[in-house]
Amino acid sequence: MQKRKVKLANRIILVAVIMMAVLLVLSTLMTLNTSRKSIISAIGESAVSTASNLAQYVDVESLEKLVNEPVENDTYWKVREELNELRELNGVLFAYTYFVPEKGGDVEFLVDGMPIDDQENAAPMFDVSSSTTYEHIEHVLQDGFYYTDIISGTYGEYISSFVPVKNAQGEVIAILGVDIDASYIEAISGNIAQEVLP
């Protein structure tokens, strides 16, 4: 009888230890996931703030001329140079504008803010974005901003954010986007994991 009680007690202790270990693992995983989402959210919000700041300094009249007469003329090169300067000053990977797409349509570049002599990395006017979808732009038109989750692509890991560019009448004439480096998020998440894990 005594041996049965000991065996039963040992089983109860074993089950309790296993349950506590499972709860610890689940709690740790949830904490890491929440931390990663918080980091992405903070970077995304910062990217939106940067995009909003850039939108205040873009020559809206020149951009509207390009929307109405989309050719790579002097106005185009002026806006491209302006966007590149803003990109460099704000330390973002890329700064660019899109045409406002038709509902469900492709998202096309208007002006990609790269150096004038950089033909390799700059997307030409009307080039379709490979990472931005109409659904992203729809959020911008409805909410006034949008940022993506981490995107892994040719240029590394980044978060894109978008804001509308409005003319004097308050009409959305273009979408301004910026890409922020996100390659360090996994390193931050790893550091948090080391701090959280017992």
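For the structure given in this document, a descriptive report is provided here. As the structure is a computational prediction, the values presented were derived from the model and not from experiment.

**Quick notes on the overall build of the protein**
- For the protein, the count of helices and strands is 5 helices and 6 strands.
- Looking at the 198 residues of the protein, the share that counts as buried comes to 37%.
- Summarising the internal contacts of the protein: among those between residues at least 6 apart in sequence, 61% fall at separations of at least 24.
- A total accessible area of about 11,800 Å² is found for the protein, and carbon and sulfur atoms account for 55% of it.

**Considering the packing of aromatic side chains**
- Under the criterion given, the structure shown has 6 aromatic pairs.
- Ring geometry for Y76 versus W77: centroids 4.9 Å apart, planes at 90°, classification edge-to-face.
- Y76 sits in the buried class, given a relative accessible area of 1%.
- A ring pair is formed by Y96 and F109, whose centres lie 5.7 Å apart and whose planes are at 65°; its orientation type is edge-to-face. With Y96 in strand 1 (residues 94-98) and F109 in strand 2 (residues 109-112), the pair connects residues that are 13 residues apart, well separated along the chain.
- What makes Y96 buried here is its relative accessible area of 3%.
- Put simply, the rings of Y96, Y98, F109 and F162 pair up and form one aromatic cluster.

**Section: the nonpolar core**
- In this structure, L63, L66, L110, V111, L176 and V178 are the most contacted members of the largest nonpolar core, which totals 31 residues.
- Sorting elements by how many residues they give to this core places helix 1 (residues 2-57) first, with 8 residues.
- The residues contacting L176, other than those within four sequence positions of it, are A51, L54, A55, V58, L83, Y96, T97, S161, F162, V163 and V165.

**A closer look at helix 3 (residues 74-90)**
- With 17 residues, helix 3 extends 24 Å from end C-alpha to end C-alpha; this agrees with the ideal 24 Å at 1.5 Å per step.
- If you check which residues of helix 3 are buried, you get Y76, V79, R80, E82, L83, N84, L86 and R87.
- Immediately beyond the C-terminal end of helix 3, within one or two residues, lies G91, with a positive phi of roughly 65°.

**Here we look at helix 2 (residues 60-68)**
- Residues of helix 2 that are buried include every one of S62, L63 and L66, and no others. One side of helix 2 holds all its buried residues, which, seen down the axis, span an arc of 100°. Exposed and oriented more than 90 degrees from the buried face of helix 2 are E61, K65 and N68.
- Where helix 2 is buried, its residues touch helix 3, strand 1, strand 2, strand 5 (156-166) and strand 6 (172-181).
- Its side-chain oxygen 3.3 Å from the backbone nitrogen of E61, D59 forms the N-cap of helix 2.

**Considerations on the packing of helix 2 against helix 3**
- For the pair helix 2 and helix 3, interaxial distance at closest approach is 10 Å and the crossing angle is 135°. Classified by the angle between their axes, helix 2 and helix 3 sit oblique to one another. Here helix 2 runs over helix 3; the crossing is left-handed. Packed against helix 2, whose contacting residues are S62, L63 and L66, the element helix 3 presents T75, Y76, K78 and V79 at the interface.
- In the contact of helix 2 with helix 3, the residues fall into 4 nonpolar, 2 polar and 1 charged.

**Focus on the pairing of strand 6**
- Of all 10 residues that make up strand 6, 8 are buried, and the element is covered over most of its length.
- Sheet analysis places strand 1 next to strand 6, joined by 5 bridges and oriented antiparallel. The residue of strand 6 that forms the bridge with A95 is V178.
- In this sheet, strand 6 lies alongside strand 5 in antiparallel orientation, the contact comprising 9 bridges. Bridge pairing links K166 to V172 in strand 6.
- Here strand 5 folds back onto strand 6, and the loop between the two strands holds 5 residues, one of which, G170, carries a positive phi near 85°.

Procedures and definitions
- Residues numbered from 1 in each chain as written.
- Predicted model: local features only at pLDDT ≥ 70, side-chain atom pairs only at ≥ 80, totals over all residues.
- Heavy atoms only, no water.
- Helix = DSSP H or I, 4+ residues; strand = E, 2+ residues; numbered from the N terminus.
- Buried < 20%, exposed > 50% of the residue type's maximum accessible area, 1.4 Å probe, protein only.
- Contact = heavy atoms within 4.5 Å.
- Areas by Shrake-Rupley, 256 points an atom, 1.4 Å probe, with all protein chains shown as cover.
- Phe/Tyr/Trp six-rings, centres within 6.5 Å; stacked < 30°, edge-to-face > 60°.
- Core = buried A, V, L, I, M, F, W, Y, C linked by side-chain atoms within 4.5 Å.
- Expected span 1.5 Å × (residues − 1).
- Arc of directions from axis to C-beta.
- Polar contact = N/O pair within 3.5 Å; in protein donor to acceptor, adjacent residues only side chain to side chain.
- Axes fitted to C-alpha atoms, helices over the stretch in contact; angles between N-to-C directions.
- Parallel < 35°, antiparallel > 145°, perpendicular 65-115°, else oblique.
- Left-handed = near helix turned anticlockwise from the far one by under 90°.
- Nonpolar A, V, L, I, M, F, W, Y, C, P; charged D, E, K, R; others polar.
- Pairing = 2+ DSSP bridges.

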